[in-house]
Amino acid sequence: GENVEQHPSTLSVQEGDSAVIKCTYSDSASNYFPWYKQELGKGPQLIIDIRSNVGEKKDQRIAVTLNKTAKHFSLHITETQPEDSAVYFCAASTSGTYKYIFGTGTRLKVLA
Amino acid sequence: EAGVAQSPRYKIIEKRQSVAFWCNPISGHATLYWYQQILGQGPKLLIQFQNNGVVDDSQLPKDRFSAERLKGVDSTLKIQPAKLEDSAVYLCASSLLAGGETQYFGPGTRLLVL
């Protein structure tokens, strides 16, 4: 079945630096890739997503890139701030099933 | 627009007891999902409803877990009897059937089985 690997599991950066989280998926039919941010005691919140017909998408300090050939996608956060500290999850989904397969999560710590 | 609502937020029970969780999705969302999130892991899908029909329950432990979505709106997830390994956060999410696949999550119910 579909599998999504996510790296690193933990990431510490200095405030103002950039952070990059990478995910690899196994099902070549996957065509929708959301990224969620989960703060302590809260449910996951969508921060950005990308579809397979697009190679890159940006929203202010957050960007996502997709390489369909290599079956991997990445989250880029620039000018990190302490409030970016949270657990980030990637997911992959196939059109028609609406089923998400989540990665194992990355705990991001932004040091002030 | 109101988000996905879940209750209770926390629940502590002893093993072999039963427990039920409730979810109210975003108005108009036809698809509803229940996920189990064990500490340190990503959410794992338990069951997916489209309106009031089950689309996928392949990972639901049916000997102890059950779920229903009467009238295609609210949903309840039940565990009976609970085991220690059921300790987790139970997340409910919803999405529009057509027009997109984005899932919106509720705050979750944190279950501790002693």
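Residues numbered from 1 in each chain as written. Chains lettered and ligands numbered in written order. Predicted model: local features only at pLDDT ≥ 70, side-chain atom pairs only at ≥ 80, totals over all residues. Heavy atoms only, no water.

## Some remarks on the nonpolar core
Okay, so step 1: Of all hydrophobic cores here, the largest spans 24 residues; its most connected members are A:Trp35, A:Phe73, A:Leu75, A:Tyr88 and A:Leu108.
Okay, so step 2: Discounting chain neighbours no more than four positions away, the residues touching A:Leu108 are A:Leu11, A:Val13, A:Ala19, A:Ile77, A:Asp84, A:Ser85, A:Ala86 and A:Tyr88.
Okay, so step 3: The next biggest cluster of nonpolar side chains, apart from the first, holds 21 residues, and it includes B:Cys23, B:Leu46, B:Phe49 and B:Ile79. (Core = buried A, V, L, I, M, F, W, Y, C linked by side-chain atoms within 4.5 Å. Buried < 20%, exposed > 50% of the residue type's maximum accessible area, 1.4 Å probe, protein only. Contact = heavy atoms within 4.5 Å.)

## A short note on the interface of chain B and chain A
Accessible area lost upon the coming together of the parts serves often as the stated size of an interface.
Okay, so step 1: With 23 residues of chain B at the contact, the number on the chain A side is 23 residues.
Okay, so step 2: Where chain B abuts chain A, roughly 1700 Å² becomes buried across the two surfaces, and 48% of that area is made up of carbon and sulfur atoms.
Okay, so step 3: Remark: the boundary between chain B and chain A carries 1 salt bridge.
Okay, so step 4: Linking A:Lys99 and B:Asp56 is a salt bridge whose minimum nitrogen-to-oxygen distance equals 3.2 Å.
Okay, so step 5: Summed over the shared surface of chain B and chain A, the number is 6 residue pairs in polar contact (both at pLDDT 80 or more). (Buried area = accessible area lost by both parts, 1.4 Å probe. Salt bridge = Lys/Arg side-chain N within 4 Å of Asp/Glu carboxyl O. Polar contact = N/O pair within 3.5 Å; in protein donor to acceptor, adjacent residues only side chain to side chain.)

## So, the pattern of salt bridges
Okay, so step 1: A full pass over the atoms with the stated rule returns 6 salt bridges over all chains.
Okay, so step 2: As a salt-bridge pair, A:Glu39 and A:Lys42 come within 3.7 Å of each other at their nearest N and O atoms.
Okay, so step 3: Measuring nitrogen to oxygen at the nearest pair gives 2.5 Å for the salt bridge that ties B:Asp86 to B:Arg64. In this pair, B:Asp86 sits in the loop between β8 (75-79) and β9 (88-95) while B:Arg64 sits in the loop between β6 (53-56) and β7 (65-68), placing the two residues 22 residues apart along the sequence.
Okay, so step 4: For B:Asp86, a relative accessible area of 2% corresponds to the buried category. (Helix = DSSP H or I, 4+ residues; strand = E, 2+ residues; numbered from the N terminus.)

The values are spatial; any link to function lies outside them.
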